[in-house]
Amino acid sequence: MKVPSKEMLCWLGGGRSIADLCQDVGWTRAEFDDWWKAECRKRVPPMEGTAHVTGLRKSVRITHDRWGVPHVFADNDRDLFFGFGYAIAQDRLFQLDYLRRKARGTLAEVLGPEAIESDVLDRTAGLAKIAEAELPTLPADVQELLAAYTAGINALMDASRQNLPIEFDLLNYQPSPWQPTDSLVIEGEFRWYLTVRFPVIAIPELAKRTLGAGPLYRGFLQGEIDEESMLLPGEYSARATTHHSPLTTHSPGGDGPGSNNWVLAGQRTTTGKPIVASDPHVPFYAVSIWHQVRLTGGAFDVAGVALAGMPAVMIGRNRRVAWGITNNICSLRDLYQEKTDPAHPNCFLYDGQWDPARQREEVIQVKGALPVKKTIRASRNGPIVDEIMPPATRGTGPVALRWVGFEPCGWLTSLVGMNRANTCAEFRAATKPWAVPTFNLVFADADGHIGHQCVGKIPIRHNWDRGYRPGWDPQHQWQGTIPFEALPHLIDPPRGYVVTANNRTAPDDYPYPLSGTWSGGYRARRIREMLEARPKLSREDCQKMQLDVHSGRAALAIPALLKVIGADADARVRQAVEHLKSWDCVVRSDSTAAAIFNVFFTRWCQ
């Protein structure tokens, strides 16, 4: 039975099994496997040869090294970014379309009902509208680079129409042309992931309702090893403080995963030159959200990783400056409990007055089903987010979200400037437009200078409480944002290094309230201790540090745990005790003690 390949791919994408397809077309499984491999191979865009494409001023050369990383060469900035877009489309065309659909809330259109929940979230956030509003705020040169990147993606897409990546035929659709706002909406979805994180506020709200606002609740908010901060006393102008503000919280059940970076001045290295180390722990995806690239031409000679779909290197180096990132997790959002009254329908109370709700209609197209219509309501504080909150909190509304990310964020503008920077001073200045997310940047230049900069527009709040805020009380509104020059930063600190690991940025007497929701300080302390254990370190030493798996939490907790269970008569408990007694707290993949401790700690927290 002769069946066109595209039709068979549609069958598979629609849920038909390989066995049923083989039976229908009279194939053996081996014949299917040969066909499948051939279909996949023919859909890989050509990586060698010459292509004549419109839109270029001069020629662009794209080569791939032995790891498959594209190196893009051009004579001018515009052609370089055209090649940048072309190269990522060669490698990641389906991923690009998936990411923009996810951010725009149009996944259900190609995936069906299973994607409705994701689409509702992104429609509620209004990420597409944010991207549309941000585009005209970009500087003219950044808009030109974004337009060139867009043209490069579309050039590859047009050249591949007859052999698109196999996922498109499995799902039976063709991608629409790329738009500049598609890159901005992908950027917006990533900063939503990095900074909104409802559980960080919702879980403390539930805890407060159960525990009250006393010491047990304050202890719940406090991160472990919370005294481990990036900036040290004496490295900023302290203000007087009379109380401890509970600014941090650890994730229940674990505080191990997270990003790390550090920078060493030449006085602390074996070569006398600075070293930058960066290890961002974004969860694994298939494929990775990171796209490795080198860009050479015009004002750029930069290598590193870009967020797929975003035209700039986010982590990397150029000829003069190197830098790394971690999430700083200073709070850029608040959840507001709104007050309603049947006597004032579709209104929210604010400062003694009843404000009419704002609302818009969203229609989500669903493959194989009827469209889903959603009414998104908003108060003066932001959209009502009850439906996209964690399930345990969905009866606590109405709750509105206020988020710095609803405004243009300047992230792409800053990254382009960072990619071009020649000195630490230029690099730091380039970060000034950056509003969202809050990151810790560590950096060094070829002249031997090092630095750290906390980026992002951190709201100033009179009240530092965690959990929901009363949406009707003006005292809980933001009072502007921390000025750029007042954000935590260090240039050439005498200690010769800076460490960040999602931990506390500065002590409580920092001049501005940083409103952190940081992780505990175990990882930062471990890195600092390893740095301070040697007067000078090599690049190889830093590589070993990045692979270090010592558990500071286990080292702290096991002595107390053994006091509790050491005398237990149960044979299995005694066996566990023996493993824990002899454990060096290094979490090797084959360690019985590591498994025992981590399963215990997770269950204990639950």
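Look above for the structure.
The structure displayed is predicted, hence computed values, not measured ones.

Reading the values: rules and limits
Numbers given to residues run from 1 along each chain, matching the order in which its sequence is written. The model is predicted, so local features are restricted to residues of pLDDT at least 70 and side-chain atom pairs to those at 80 or more, both for listing and for counting; the totals for chains, interfaces and linings are taken over all residues. With hydrogens and water stripped out, all remaining heavy atoms of the structure feed into the side-chain values. Three labels apply to residues, based on accessible area from a 1.4 Å probe with only protein chains included: buried if under 20% of the type maximum, exposed if over 50%, partly exposed otherwise in between. Each helix is a run of H or I in the DSSP string that is no shorter than four residues. Each strand is a run of E no shorter than two, and both are numbered from the N terminus. Pairing between strands requires that DSSP locate at least two bridges from one strand to the other. The criterion is simple. A nonpolar core is a set of buried Ala, Val, Leu, Ile, Met, Phe, Trp, Tyr and Cys residues joined through side-chain atoms within 4.5 Å. Residue contacts are counted whenever heavy atoms from the two residues lie within 4.5 Å of one another. Any pair of N or O atoms that falls within 3.5 Å is considered a polar contact. Within protein, one atom must be able to donate a hydrogen and the other to accept it, and sequence-neighbouring residues count only if both atoms are side-chain atoms. Any pair of cysteine sulfurs within 2.5 Å is marked as a disulfide. Aromatic pairing here means that ring centres of Phe, Tyr or Trp (its six-membered ring) are within 6.5 Å. Orientation follows from the plane angle: under 30 degrees is stacked, over 60 is edge-to-face, and everything else is tilted. Axis definition: a line fitted to C-alpha atoms, limited for helices to the stretch in contact. Angles are taken between N-to-C directions and run from 0 to 180 degrees. In this scheme, a helix's expected span is set at 1.5 Å multiplied by one less than its residue total.

(A) Spatial organisation of the pairing of strand β5 (residues 290-297). Along β5, six of the eight residues are buried, which leaves the element largely enclosed by surrounding structure. Sheet analysis places β5 next to strand β6 (residues 300-307), joined by eight bridges and oriented antiparallel. Note that in β6 the partner of Trp-290 across the bridge is Leu-307. Taking the residues between adjacent antiparallel strands as the criterion, β5 and β6 are bridged by two residues, where Gly-298 takes a positive phi near 60°.

(B) Fine view of the nonpolar core. Met-314 and Trp-411 are the most contacted members of the largest nonpolar core, which has 123 residues in total. For this core, the leading source of residues is helix α4 (residues 77-104), giving 13 residues. Ignoring sequence-local partners within four residues, the contact set of Trp-411 consists of Glu-187, Phe-190, Arg-191, Leu-194, Met-310, Met-314, Trp-434, Val-436, Pro-437 and Phe-439. Judged by nonpolar contacts, the second largest core, of 14 residues, contains Trp-262, Ile-275, Ala-501 and Cys-542.

(C) Layout of the side chain of Arg-461. Tracing the backbone through its elements, the reader meets Arg-461 in the loop between β17 (450-455) and β18 (469-470). Reaching out from Arg-461, the side chain makes a polar contact with the backbone oxygen of Arg-333 at a distance of 3.4 Å. A distance of 2.7 Å separates a polar atom in the side chain of Arg-461 from a polar atom in the side chain of Asp-334. In contact with Arg-461, not counting residues within four places along its chain, are Ser-331, Leu-332, Arg-333, Asp-334, Arg-469, Trp-478, Pro-513 and Ser-515.

(D) Spatial organisation of the state of the cysteines. Tallying each qualifying case throughout the model produces zero disulfides. Left unpaired, Cys-330 is separated from the closest cysteine sulfur, that of Cys-454, by 4.8 Å. You can call Cys-330 buried: its relative accessible area is 3%.

(E) Spotlight on the pairing of strand β15 (residues 399-403). Where burial is concerned, most of β15 is hidden: four out of the five residues are buried. As paired elements, strand β9 (residues 333-337) and β15 share five bridges and run antiparallel to each other. Within β15, the residue paired with Tyr-336 across the bridge is Ala-400.

(F) Looking closely at the packing of aromatic side chains. Scanning the model with the defined rule gives 26 aromatic pairs in all. A centroid spacing of 5.2 Å and a plane angle of 75° characterise the contact between Phe-168 and Tyr-173, whose relative ring orientation is edge-to-face. Across this residue pair, the class does not change: Phe-168 and Tyr-173 are buried. With a centroid separation of 5.8 Å and 90° between ring planes, the pair formed by Trp-411 and Phe-439 is classed as edge-to-face. Of this pair, Trp-411 sits in helix α13 (residues 411-420) while Phe-439 sits in strand β16 (residues 439-445), placing them 28 residues apart in sequence. Residue Trp-411 is classed as buried on the basis of its relative accessible area, which comes to 0%. Grouping aromatic residues by their ring pairs yields a cluster made of Phe-190, Tyr-193, Trp-290, Trp-411, Trp-434 and Phe-439.

(G) Main features of the sheet that holds β15. Taken in spatial order, the three strands make up an open sheet running β15-β9-β18, and their pairing is mixed. Whereas interior strands pair on both sides, the edge strands pair on one side only; in this sheet they are β15 and β18. Sitting on the sheet, helix α10 (residues 180-195) touches β9 and β15, and the angle it makes with β15 is about 115°.

(H) Layout of helix α8 (residues 140-159). Taking 1.5 Å per residue as the helical rise, α8 with its 20 residues ought to reach 28 Å, and the 29 Å between its terminal C-alpha atoms agrees with that figure. What α8 keeps buried is the set Val-142, Leu-145, Leu-146, Ala-148, Tyr-149, Thr-150, Gly-152, Ile-153, Asn-154, Ala-155, Leu-156 and Met-157. Close packing links the buried residues of α8 with α4, α10, β6 and α13.

(I) Up close: the environment of Ala-299. For Ala-299, the position within the fold is in the loop between β5 and β6. Assessed through its relative accessible area of 44%, Ala-299 is described here as partly exposed. In this structure the C-alpha to C-alpha distance between Ala-299 and Ala-213, which are 86 residues apart in sequence, comes to 55 Å. Once you skip the residues sitting within four places of it in the chain, Ala-299 turns out to touch Asp-77 and Arg-420.

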